[in-house]
Amino acid sequence: MHRLTTLFFTLSSSLLLGGESFSFSEPHILKVGWYTQALYAGDIDRDGKSDFAIIDNDKARITFYYGGKASKEEQKSLQQDRWEPILENSSFTKTWFTTAVSAYDLTFADLNGNGLNDMIYVSERNQIIVVPQTAKREWGEPQEYDTEDVDNNWSILEVGEFDQKKGLDIALLTQKSIGIFSNHKGLLQAPQYYPAQKNSYGLQAKDVNQDSKTDLIYQSSHDS
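Residues numbered from 1 in each chain as written. Predicted model: local features only at pLDDT ≥ 70, side-chain atom pairs only at ≥ 80, totals over all residues. Heavy atoms only, no water.

Novice: Sorry, what's going on with the nonpolar core here?
Specialist: Soluble globular proteins tend to bury their nonpolar side chains together. Counting 23 residues, the largest nonpolar core has Ile120, Ile128, Val130, Ile170 and Leu172 as the members making the most contacts within it. Taken together, the elements giving at least two residues each to this core come down to β11 (103-109), β12 (118-123), β13 (127-131), β15 (157-160), β16 (169-173) and β17 (177-181). With four residues, the single largest contributor to this core is β16. The residues touching Ile170, leaving out its near neighbours within four places in the chain, are Leu111, Ile120, Ile128, Val130, Leu157, Glu158, Val159, Phe162, Gly179, Ile180, Phe181 and Leu188. Of all hydrophobic cores here, the second largest spans 16 residues; its members include Tyr40, Ala103, Tyr121 and Ile129. (Core = buried A, V, L, I, M, F, W, Y, C linked by side-chain atoms within 4.5 Å. Buried < 20%, exposed > 50% of the residue type's maximum accessible area, 1.4 Å probe, protein only. Helix = DSSP H or I, 4+ residues; strand = E, 2+ residues; numbered from the N terminus. Contact = heavy atoms within 4.5 Å.)

Novice: Which parts of the structure should I look at to understand the sheet that holds strand β10 (residues 93-98)?
Specialist: Backbone hydrogen bonds hold the strands of a sheet together, and the pairing may be parallel or antiparallel. Read from one edge to the other, the open sheet built from four strands follows the order β5-β6-β7-β10, with strand pairing classed as antiparallel. The open sheet terminates on both sides in strands that have one partner only, identified here as β5 (36-42) and β10. Shown here is a sheet whose adjacent strand axes are inclined to one another by a mean of 20°, direction ignored. Bridge analysis of strand β6 (residues 51-56) against strand β7 (residues 61-66) gives five bridges, and the strand direction is antiparallel. Counterpart to Phe52 in the pairing with β7 is Tyr65. (Pairing = 2+ DSSP bridges. Axes fitted to C-alpha atoms, helices over the stretch in contact; angles between N-to-C directions.)

Novice: Sorry, what's going on with the packing of aromatic side chains here?
Specialist: To describe a pair of aromatic rings, you give the distance between the ring centres and the angle between the ring planes. Here the structure, examined in full by the defined rule, presents five aromatic pairs. Where Tyr40 meets Phe108, the ring centres are 4.8 Å apart and the plane angle is 55°; that geometry is what we call tilted. Within this pair, whereas Tyr40 is found in strand β5, its partner Phe108 is found in strand β11, the two being separated by 68 residues in sequence. The two residues Tyr40 and Phe108 agree in class, both being buried. Seen from their ring centres, Phe108 and Trp139 are 6.1 Å apart, and the 45° between their planes marks the pair as tilted. Of this pair, Phe108 sits in strand β11 while Trp139 sits in the loop between β13 and β14 (143-146); the two residues are 31 residues apart in sequence, bridging distant segments of the chain. (Phe/Tyr/Trp six-rings, centres within 6.5 Å; stacked < 30°, edge-to-face > 60°.)

Novice: I keep staring at the sheet that holds β13 and nothing clicks. Help me out?
Specialist: If you trace the four strands from one edge of the open sheet to the other, you get β11-β12-β13-β14, paired in antiparallel fashion. At either end of the open sheet lies a strand with only one pairing partner, and these are β11 and β14. Taking the axes of each pair of neighbouring strands and ignoring which way they run, one obtains an average angle of 20° across the sheet. Relative to β12, β11 is paired through six bridges, and the arrangement is antiparallel. If you follow Thr107 over to β12, its bridge partner there is Ile120.

Novice: Could you clarify how one ought to interpret the pairing of β5 in this entry?
Specialist: Both faces of the sheet carry side chains from a regular strand, because those side chains alternate between them. Within β5, five of the seven residues are buried, which leaves the element mostly enclosed by the surrounding structure. In this sheet, β6 lies alongside β5 in antiparallel orientation, the contact comprising five bridges. Residue pairing in the sheet places Gln37 in a bridge with Ile55 of β6.

Novice: Please clarify how unusual backbone geometry should be interpreted in this entry.
Specialist: Leaving glycine aside, a negative phi is the common case for residues, and trans is the common case for peptide bonds. The backbone of Ser155 sits at a positive phi, close to 60°, despite the residue not being glycine. Accessibility expressed as a relative area gives 31% for Ser155, which makes it partly exposed.

Novice: How do you make sense of the side chain of Asp51 when you look at a structure like this?
Specialist: Summarising the element assignment, Asp51 is placed in strand β6. The buried category is assigned to Asp51, whose relative accessible area is 1%. Here Gly67 takes part through its backbone nitrogen, which lies 2.9 Å from a polar atom of the side chain of Asp51. Residue contacts for Asp51: discarding those within four places in its chain leaves Tyr40, Ala41, Gly42, Asp43, Ile44, Asp45, Tyr65, Tyr66, Gly67 and Phe92. (Polar contact = N/O pair within 3.5 Å; in protein donor to acceptor, adjacent residues only side chain to side chain.)

As structure tokens, this is what we get:
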């Protein structure tokens, strides 16, 4: 059974630590749903304020929580849950994008070079879906790219300059490979696949050996 998920986050306040003022305030709470995964935090619409996005497979959608757009008075409600009371206390504006199918992982990056973050997610149909963000801060027509079979994991999707050319590319951890989708003017090219261990997750793009090139690291629970 999937449990009801709630996001908790805190804002800095004041505490003397090493001569500097730092601490966390009481948490702000967002109730997000039963079957959620792949939380993303960042400035999605690039308005200078922090936002959140999360996959909600119970409703086949991606839910957005945009910061700084609600009234100054925070919306507060106390709702009685079957198991325990849930306090929801947040000034974020909630919207969503319908995926129609379950999704596994989610990230955002400017793939087409227009200065706005595009939405990138992995669907249960073994596809990478790229949804461009328009100048009106709306979501455009989805672009679908077929992949090898993928597992229902998050942390299987990464963005970086993998082919050493201008523009951000996409790396995807599949059931048996890492697929590199090069980006050409906002469109992903046919992937190149490199062998990977089974039952893998936790994909990260880092310059591990400090040669100014992006490396990929991941975890595996596969028994050799």
